[in-house]
Amino acid sequence: MAAGTPDSQARFGQSVKGLLTEKVNTCGTDVIALTKQVLKGSRSSELLGQAARNMVLQEDAILHSEDSLRKMAIITTHLQYQQEAIQKNVEQSPDLQDQLSHLLK
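As a starting point, this report considers the structure included with it.

The rules behind these values
- Residues numbered from 1 in each chain as written.
- Predicted model: local features only at pLDDT ≥ 70, side-chain atom pairs only at ≥ 80, totals over all residues.
- Heavy atoms only, no water.
- Helix = DSSP H or I, 4+ residues; strand = E, 2+ residues; numbered from the N terminus.
- Rg over C-alpha atoms; globule rule 2.2 N^0.38 Å.
- Areas by Shrake-Rupley, 256 points an atom, 1.4 Å probe, with all protein chains shown as cover.
- Lys, Arg positive; Asp, Glu negative; His and termini not counted.
- Charge placed at Lys NZ, Arg CZ, Asp CG, Glu CD.
- Salt bridge = Lys/Arg side-chain N within 4 Å of Asp/Glu carboxyl O.
- Buried < 20%, exposed > 50% of the residue type's maximum accessible area, 1.4 Å probe, protein only.

Scanning the protein for helices and strands turns up 1 helix and 0 strands. By the compact-globule yardstick of 13 Å for 105 residues, the protein is too spread out, its C-alpha radius of gyration being 45 Å. Across its three principal axes, the protein shows a C-alpha extent of roughly 150 × 15 × 10 Å. Accessible surface computed for the protein: about 9900 Å², of which carbon and sulfur atoms make up 63%. Where the 11 positive side-chain charges of the protein centre and where its 12 negative ones centre are 16 Å apart.

Time to look at the pattern of salt bridges. With the rule as written, the count across this model stands at 1 salt bridge. Across the pair Asp-67 and Lys-71 runs a salt bridge whose closest N-O atoms are separated by 3.4 Å. Placement of the pair is Asp-67 and Lys-71 together in helix α1 (residues 6-104), with a separation of 4 residues, close to one helical turn. Residue Lys-71 is classed as partly exposed on the basis of its relative accessible area, which comes to 48%.

That is the geometry; function is a separate question.
Here is the structure:
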């Protein structure tokens, strides 16, 4: 087998070097794209986790609000009973005052 001329070997070396450089650049680009995709996926996971935490907080706030509303309804009922009792006492007050003044005479 005849050895190639130095000029053809140099061209072959340059060609291999060019192909190798091109492959390295392609691999670098692919690695960058893959890294971006992984980071994007990681960020999506973070956002989903944060959304889930916010949802739990909102659910707790809603449950607390429902509990507060139930308690307020009970308090309202008790206040209505007290208001009715006071109203009866006020209505009976003139009769009692008349009776008291009649007794004191």
